[in-house]
Amino acid sequence: MSNDAIRLDSVTRRYGSGGTSVTALDHVSLAIPRGTFTAVMGPSGSGKSTLLQCAAGLDRPTSGSVTVGDTELTGLSETALTLLRRERIGFVFQAFNLLPSLTAEQNVSLPLRLAGRRPKKARVREVLRQVGLGDRARAPTSELSGGQQQRVALARAMITRPEVLFGDEPTGALDSRTGREVLTLLRGMVDRDGRTIVMVTHDPVAASYADRVVLLVDGRVDGELLGASAQDIAARLSGLEAAPC
Ligand code: ADP
């Protein structure tokens, strides 16, 4: 089995055609080793969301290839891609996207139900315990705080034991203390359980929880930082923002 959870080989994604086309990703090659935490950063419009969407099989590159584990996505049908996303990939977003009228444990069970599997109560409780919500399993999601809701979303993403967890600004809607609690949870999932996480963020503090920060500029990888502090990351970013177009 490949040591990389995800690999992008010369991925280009162009929107539109002719004179008005936009190249959101321009021959991006990137390997995400298993058991690592990667943050993707860059100025607005640099291609972060497009990178995440292509890597997660939500969008198809115009050219180049994306490989999840040993599966190359290029030739997969829509049905096969949907199954791959459902069974092998987890997502958390800035908006928690929970069903508010359902309880925490019902929300966490949903991905298994969608896959036609019968959720085991003990497993659902275990995942909720892992995110510190063992005692709130029966609470309607609408009665939980923002941080608790994001932890339910995290439990929901992890219930299928995905090979990669993708986060799109997962702490963007949280205050800084609650955000740090969620980031500590993510870090623990990598350190304790060997999970693989890829997170888009614009926040240098959030990115400092990652092992590696990949910097995108104009749809290209502009470099990376390893084990960097929030200050180092902020300094590098302000250099990018100030660079002439
Ligand atoms: P980021 O997440 O870094 O802000 P995006 O990946 O959203 O960047 O966008 C990269 C570029 O692609 C931008 O120029 C954006 O306007 C363009 N883009 C993104 N999505 C679409 C789309 N659906 N149609 C046309 N252009 C798009």
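A brief structural summary. (Residues numbered from 1 in each chain as written. Predicted model: local features only at pLDDT ≥ 70, side-chain atom pairs only at ≥ 80, totals over all residues. Heavy atoms only, no water.)

1. Section: the site of the ligand
Part 1 of the reasoning: Taken together, the neighbourhood of the ligand is formed by Y15, V22, A24, P43, S44, G45, S46, G47, K48, S49 and T50.
Part 2 of the reasoning: At 3.1 Å from an oxygen atom of the ligand is found a main-chain nitrogen or oxygen belonging to S46.
Part 3 of the reasoning: Residue K48 places a side-chain N or O atom 2.8 Å away from an oxygen atom belonging to the ligand.
Part 4 of the reasoning: Expressed as a share of its isolated accessible area of 560 Å², the protein-covered part of the ligand is 57%.
Part 5 of the reasoning: Where the shell around the ligand is concerned, the elements lending two or more residues are β2 (22-33) and α1 (48-55).
Part 6 of the reasoning: Top element by residues in the shell around the ligand is α1. It accounts for three residues.
Part 7 of the reasoning: Partitioned by chemical class, the residues of the shell around the ligand number four nonpolar, six polar and one charged. (Near = heavy atom within 4 Å. Polar contact = N/O pair within 3.5 Å; in protein donor to acceptor, adjacent residues only side chain to side chain. Areas by Shrake-Rupley, 256 points an atom, 1.4 Å probe, with all protein chains shown as cover. Helix = DSSP H or I, 4+ residues; strand = E, 2+ residues; numbered from the N terminus. Nonpolar A, V, L, I, M, F, W, Y, C, P; charged D, E, K, R; others polar.)

2. Here's the deal with the packing of aromatic side chains
Aromatic ring pairs are defined here through the distance separating the ring centres and the angle between the ring planes.
Part 1 of the reasoning: Applying the stated criterion across every chain, the model contains two aromatic pairs.
Part 2 of the reasoning: With centroids separated by 5.8 Å and ring planes inclined at 10°, the aromatic side chains of F91 and F93 adopt a geometry described as stacked.
Part 3 of the reasoning: Of the residues examined, F91 reaches a relative accessible area of 19% and is grouped as buried.
Part 4 of the reasoning: Between the aromatic rings of F91 and F166, the centroid separation amounts to 6.2 Å while the plane-to-plane angle is 25°, which identifies the pairing as stacked. Highlighted residues: F91 in strand β6 (residues 89-93) and F166 in strand β7 (residues 164-168), separated in sequence by 75 residues. Each member of the pair F91 and F166 is classed as buried. (Phe/Tyr/Trp six-rings, centres within 6.5 Å; stacked < 30°, edge-to-face > 60°. Buried < 20%, exposed > 50% of the residue type's maximum accessible area, 1.4 Å probe, protein only.)

3. Topic: the nonpolar core
Part 1 of the reasoning: If you look at the biggest cluster of nonpolar residues, it comprises 45 residues, and the most contacted ones within it are L128, L154 and L186.
Part 2 of the reasoning: Those residues in contact with L128 that lie beyond four places of it in its chain are A104, E105, V108, L133, G134, A137 and A155.
Part 3 of the reasoning: With 27 residues, the next largest nonpolar core counts L51, A55, A56 and L84 among its residues. (Core = buried A, V, L, I, M, F, W, Y, C linked by side-chain atoms within 4.5 Å. Contact = heavy atoms within 4.5 Å.)

4. A word on the pattern of salt bridges
Part 1 of the reasoning: If you walk through the whole model with that rule in mind, you get 13 salt bridges.
Part 2 of the reasoning: Put simply, D59 and R13 hold a salt bridge, and the shortest N to O gap is 2.9 Å. On the criterion of sequence distance, the pair formed by D59 in the loop between α1 and β4 (63-68) and R13 in strand β1 (residues 4-15) is long-range, its members being 46 residues apart.
Part 3 of the reasoning: Overall, R13 belongs to the buried group, its relative accessible area being 16%.
Part 4 of the reasoning: The salt bridge partner of E105 is R125, with a shortest N-O separation of 3.0 Å. With E105 in helix α3 (residues 104-114) and R125 in helix α4 (residues 121-130), this residue pair connects regions lying 20 residues apart in the sequence.
Part 5 of the reasoning: With relative accessibility at 10%, the residue E105 sits in the buried group.
Part 6 of the reasoning: The exposure class assigned to R125 is partly exposed, which follows from its relative accessible area of 25%.
Part 7 of the reasoning: Look at the salt bridges and you will find they share partners, linking E105, R125 and R138 into a network. (Salt bridge = Lys/Arg side-chain N within 4 Å of Asp/Glu carboxyl O.)

5. Points about the side chain of T103
Part 1 of the reasoning: Checked against the element boundaries, T103 lands in the loop between β6 and α3.
Part 2 of the reasoning: Classification of T103 as buried rests on a relative accessible area of 14%.
Part 3 of the reasoning: Not counting the four nearest positions on each side in its chain, T103 is found in contact with A137, R138, A139, P140 and T141.

6. Considering empty space enclosed by the protein
If a probe the size of a water molecule is rolled over the atoms, the empty space left behind becomes visible.
Part 1 of the reasoning: Taken as a whole, this structure holds three cavities of 30 Å³ or more when the rule is applied.
Part 2 of the reasoning: Taken as a whole, the largest cavity holds about 70 Å³ of empty space.
Part 3 of the reasoning: Along the walls of the largest cavity sit S49, L52, Q53, A56, L58, F91, V92, F93, F166, G167 and D168, which together make up its complete lining.
Part 4 of the reasoning: Residue assignment for the lining of the largest cavity shows that the elements contributing at least two residues are α1, β6 and β7.
Part 5 of the reasoning: A breakdown of the residues in the lining of the largest cavity according to their chemical character gives seven nonpolar, three polar and one charged.
Part 6 of the reasoning: The computed volume of the second largest cavity comes to approximately 60 Å³.
Part 7 of the reasoning: In terms of lining residues, the second largest cavity is bounded by I6, L8, L30, I32, V40, L51, L52, A55, F166 and V198.
Part 8 of the reasoning: Contributions of two or more residues to the lining of the second largest cavity are made by β1, β2 and α1.
Part 9 of the reasoning: Broken down by element, the residue count for the lining of the second largest cavity peaks at three residues, all from α1. (1 Å grid on protein atoms, 1.4 Å probe; cavity = no way out; pocket = protein on both sides within 12 Å on 5 of 7 lines; lining within 4 Å. Points joined across faces, edges and corners; volume = space filled by probe spheres on them.)

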